[in-house]
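Report on the structure
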Amino acid sequence: VPCAVGAVRRDDTSDSAYLNLGNKGQFRSVGRVEVNYGDGYQAIGTATLIGPNRIVSAAHVFSADALAGAVGVRINFGRGRVSTIDFETPGVVNINPRYNPNTLRNDVSVVFLPRRMNLAPALLYGNPRRVSLGTPITFVGYGDTGTGFTGSSQFSILKRGGQHALDTNLLGGADLEVDFGHPRNPSARS
């Protein structure tokens, strides 16, 4: 599943490699969350289509704090594929009840779109217990970008993708983690 994260990239890899990966056809289901606070739409995060009319995103993107003062919210999948969200109707935006805005633990939301999208949803990996250390993971999304030297240094409205290997399998396989370890030795920690 493409993940809703920004892309801090390797210093020795060009940004164009990340842009090219993020814009491959198999990641069309990754859209940009845009909010209008009264002065036009601006990008604030990533959402991934996981069903014909359902997206998953970060809770901090759809939290009451993030949408305070909003007059419009939409998901832009590009090429005219935009869906406006009725974020005020109960049951449309569903924030994980365990979400902690201070630590960003359980930072996930599920949002229902008003209509089916003419777009194939992301493929979901059904059994994370079968994932093992070293499994390749692909991340695609919008948000903070920078390099390993600069860290997250700017917000970007461009879709980027990156790949890494699974470093840690936590909570009996229910939680997966990667870090900036050595690219050919996933057990090395940075």
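Structure shown above.
Okay, so let's go over this structure. (Residues numbered from 1 in each chain as written. Predicted model: local features only at pLDDT ≥ 70, side-chain atom pairs only at ≥ 80, totals over all residues. Heavy atoms only, no water.)

Some remarks on the sheet that holds strand β2 (residues 30–36)
Within the open sheet, the seven strands sit side by side as β6-β5-β2-β3-β4-β8-β7. Their pairing is antiparallel. Both edges of this open sheet fall to β6 (82–85) and β7 (93–95), since each of them pairs with a single strand only. When the angles between neighbouring strand axes are averaged without regard to direction, this sheet yields 30°. Bridging between β2 and strand β5 (residues 72–76) involves five bridges; their strand directions are antiparallel. By the bridge assignment, Arg 32 is partnered in β5 with Asn 76. (Pairing = 2+ DSSP bridges. Helix = DSSP H or I, 4+ residues; strand = E, 2+ residues; numbered from the N terminus. Axes fitted to C-alpha atoms, helices over the stretch in contact; angles between N-to-C directions.)

Focus: the pattern of salt bridges
Scanning the entire structure with this criterion turns up three salt bridges. A salt bridge links Asp 15 to Arg 160; the shortest N-O distance between them is 2.8 Å. Here Asp 15 is found in helix α1 (residues 15–22), whereas its partner Arg 160 is found in strand β10 (residues 154–165), with 145 residues between them in sequence. Note on Asp 15: relative accessible area 21%, which makes it partly exposed. A salt bridge links Arg 32 to Glu 34; the shortest N-O distance between them is 2.8 Å. (Salt bridge = Lys/Arg side-chain N within 4 Å of Asp/Glu carboxyl O. Buried < 20%, exposed > 50% of the residue type's maximum accessible area, 1.4 Å probe, protein only.)

A closer look at the pairing of β2
When a strand is regular, its side chains alternate between the sheet's two faces. Within β2, seven of the seven residues are buried, which leaves the element mostly enclosed by the surrounding structure. By the bridge criterion, seven bridges tie β2 to strand β3 (residues 41–51) in an arrangement that is antiparallel. If you follow Asn 36 over to β3, its bridge partner there is Tyr 41. The antiparallel pairing of β2 with β3 creates a hairpin that spans four residues between the two strands, and Gly 38 there sits at a positive phi of about 115°.

Quick word on the packing of aromatic side chains
Inspection of every chain in the model, using the stated rule, returns zero aromatic pairs. Above the face of the Tyr 41 ring, Arg 74 is positioned so that its terminal group lies 3.9 Å from the ring centre. (Phe/Tyr/Trp six-rings, centres within 6.5 Å; stacked < 30°, edge-to-face > 60°. Lys NZ or Arg CZ within 6 Å of the ring centre and 35° of its normal.)

Focus on the nonpolar core
Within soluble globular proteins, side chains that are nonpolar tend to cluster in buried spots. Core analysis: the biggest nonpolar cluster contains 21 residues, and Ile 55, Phe 62, Val 73, Ile 75 and Ile 85 have the highest contact counts within it. Of all the secondary structure elements, the ones that give two or more residues to this core are β2, β3, α2 (59–62) and β5. Val 73 has contacts with Val 33, Glu 34, Val 35, Tyr 41, Phe 62, Leu 67, Ser 83, Thr 84, Ile 85 and Phe 87, leaving out every residue within four places of it along the chain. In this structure, Leu 21, Phe 27, Val 30 and Val 140 belong to the second largest nonpolar core, which totals five residues. (Core = buried A, V, L, I, M, F, W, Y, C linked by side-chain atoms within 4.5 Å. Contact = heavy atoms within 4.5 Å.)

Some thoughts on a nonpolar patch on the surface
Taken together, the side chains of Phe 155, Ile 157 and Leu 158 define a hydrophobic patch exposed on the protein surface, amounting to about 280 Å² of accessible area. As for its position among the elements, Leu 158 is in strand β10. Residue Leu 158 is classed as partly exposed on the basis of its relative accessible area of 43%. (Patch = residues over 30% accessible without salt bridge, like charges linked within 9 Å, V, L, I, M, F, W, Y side chains within 5 Å. Areas by Shrake-Rupley, 256 points an atom, 1.4 Å probe, with all protein chains shown as cover.)

Considerations on the pairing of strand β4 (residues 54–57)
Sheet topology places β3 next to β4; four bridges connect them, and they run antiparallel. Bridge assignment links Gly 51 to a residue of β4, and that residue is Arg 54. Here β3 hands over to β4 after two residues, the two strands then running antiparallel side by side. Taken together, the four bridges between β4 and strand β8 (residues 109–112) define a ladder with antiparallel strand orientation. Looking at β8, one finds that Arg 54 is bridged to Phe 112.

A word on α1
Of all the residues in α1, the buried ones are Tyr 18, Leu 21 and Gly 22. Angularly, the buried residues of α1 cover 95° about the axis, an arc narrow enough to put them on a single face. (Arc of directions from axis to C-beta.)

A word on unusual backbone geometry
In this structure, Arg 79 is a non-glycine residue whose phi angle is positive, near 50°. Residue position: Arg 79 is located in the loop between β5 and β6. Classification of Arg 79 by relative accessible area gives exposed; the value is 73%.

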